[in-house]
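# Observations on chain architecture
So the chains spell out like this:
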Amino acid sequence: MPKAGASKDKEQDEDVRHATSFIAEIARMTRLEKGLTQEELGALIQYTASAVSAMETGVQPPSDQMLERLEAAIGDGRGIFDAARKYVLMEKYPVRFRNFSKLEASAHMISSYETLVVDGLFQTGPYARALIGGGYPPLPSAKVDELVEARLARRALFDRDPMAMIELIVEEAVLRRPFGDWEVMRGQLASLADDARRDNVTVQVLPQDRGLKGSYAGDRGPMKLVETEDHEHVVYLEIEDESVLVSNRAKASRLFQRYAKIRAQALSPDESLGLIERLAGERI
């Protein structure tokens, strides 16, 4: 398990992508062995020669779709490009998130509390694109595409076998804060409602007026709690491009207790689903 505490994920000045570089070299060598030009390989996998060149030189990491097509076109049944997909995907995440992404993908249970935006695991493509593309500093469109693809790939956790149990508590204000445009937001809310109906998912809303009731446990900000496949408990915290993975038992226990209090102060799952459905049907 990744180390915690001071692990802030030590974001490096240079984002080294070993898996991406390795599979790009494999693709180049295989192409040459088969006597194919970049243009000919591009025709086989329905990409331009410039896209093949960008992949081979590391200018643009291969998309998941490109790796699938490379496997079909030049993989010769060895499964090399298929096997590379999860490692290349991992390298598309921001450096600060990579250690946690491994835990998330294999988690027995994951519980999130979100205060600003819909949790990334639940985001739709248009919502994620509006959020990532509208951030600061602005990113090149190719980088936005890469990050959106990586974020949407996390949704595989919903249908994983063995099944993961997933909880989300979201502040009501998040459901009323649009990104992109109103259609994007309505689509996001409708998708969130669909996810909330899954057997392995629980979604609850913390009402905006909770602070008027004399007790509000969510004032310390968002967090993600994980029970690992080995039944250990860790907490992931992130703010302003910095992250901390907490595995110290006493500290993690305190955060789990705080989450439990937030959950007790939220609307019930049925009440929450009703609110999400209502907001999805109106101009928030």
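Residues numbered from 1 in each chain as written. Predicted model: local features only at pLDDT ≥ 70, side-chain atom pairs only at ≥ 80, totals over all residues. Heavy atoms only, no water.

### Quick notes on the confidence of the model for the protein chain
Rule in force here: Known as pLDDT, the predictor's confidence for each residue is given on a scale from 0 to 100. Contacts are assigned to residue pairs with any non-hydrogen atoms lying within 4.5 Å of each other.
Within the protein chain, residue pLDDT values average 91, and 94% of them lie at 70 or more. Low pLDDT (under 50) marks residues 2–13, which in the prediction has 25 contacts with non-local residues, meaning those over four places away or in another chain.

### Some words on the nonpolar core
Selection criterion: Nonpolar core, defined: a set of buried Ala, Val, Leu, Ile, Met, Phe, Trp, Tyr and Cys residues in which side-chain atoms within 4.5 Å join the residues together. When accessible area is computed with a 1.4 Å probe and restricted to protein chains, residues below 20% of their type maximum are described as buried, those above 50% as exposed, and intermediate ones as partly exposed. Think of it this way: any DSSP run of H or I at least four residues long counts as a helix, any run of E at least two long counts as a strand, and we number them from the N terminus.
Core analysis: the biggest nonpolar cluster contains 38 residues, and F122, I166, L175, V203 and I276 have the highest contact counts within it. For this core, the elements supplying multiple residues, two or more each, are helix 6 (95–106), helix 7 (125–133), strand 2 (165–171), helix 9 (172–175), helix 10 (182–196), strand 3 (201–206), strand 5 (233–239) and helix 12 (269–280). With 6 residues, helix 10 is the single largest residue contributor to this core. Those residues in contact with I276 that sit more than four places away from it in its chain are L175, L189, L192, A193, V203 and V205. Counting 16 residues, the second largest nonpolar core, distinct from the first, contains I23, M66, L67 and V88.

### Observations concerning the packing of helix 2 (residues 38–45) against helix 3 (residues 49–57)
Where we set the bar: The axes used here are C-alpha line fits, helices contributing only the stretch in contact, and every angle between their N-to-C directions lies in the interval 0 to 180 degrees. In this scheme, roughly parallel covers angles under 35 degrees and roughly antiparallel covers those over 145, while 65 to 115 is roughly perpendicular and the rest are oblique. Ten residue types, Ala, Val, Leu, Ile, Met, Phe, Trp, Tyr, Cys and Pro, are classed as nonpolar, four, Asp, Glu, Lys and Arg, as charged, and the remainder, Gly among them, as polar.
Helix 3 packs onto helix 2 with a crossing angle of 105° between their chain directions and a minimal axis gap of 8 Å. Relative to helix 3, the element helix 2 is oriented roughly perpendicular. Two secondary-structure elements touch here, helix 2 through Q38, E39, L41, G42 and I45 and helix 3 through A49, V52, S53 and E56. In terms of residue class, the contact of helix 2 with helix 3 is made up of 4 nonpolar, 3 polar and 2 charged.

### Notes on the pairing of strand 3
Stated formally: For two strands to count as paired, DSSP must find a minimum of two bridges between them.
Among the 6 residues that make up strand 3, 5 are buried, leaving the element largely enclosed by the rest of the structure. Both strand 2 and strand 3 contribute to a ladder of 6 bridges, which runs parallel. Paired with I166 across the bridge in strand 3 is V201.

### Regarding the packing of helix 7 against helix 8 (residues 141–153)
Threshold: For a crossing to be left-handed, the near helix must be turned anticlockwise from the far one by less than a right angle; the clockwise case is right-handed.
Contact geometry for helix 7 and helix 8: axes closest at 9 Å, N-to-C directions at 135°. Classified by the interaxial angle, the pair formed by helix 7 and helix 8 is oblique. Judged by the sense of rotation from one axis to the other, the crossing of helix 7 with helix 8 is right-handed. Of the residues in helix 8, those in contact with G125, A128, R129, L131, I132 and G133 of helix 7 are V144, D145, L147, V148, R151 and L152. Residue composition of the contact of helix 7 with helix 8, by class: 7 nonpolar, 2 polar and 3 charged.

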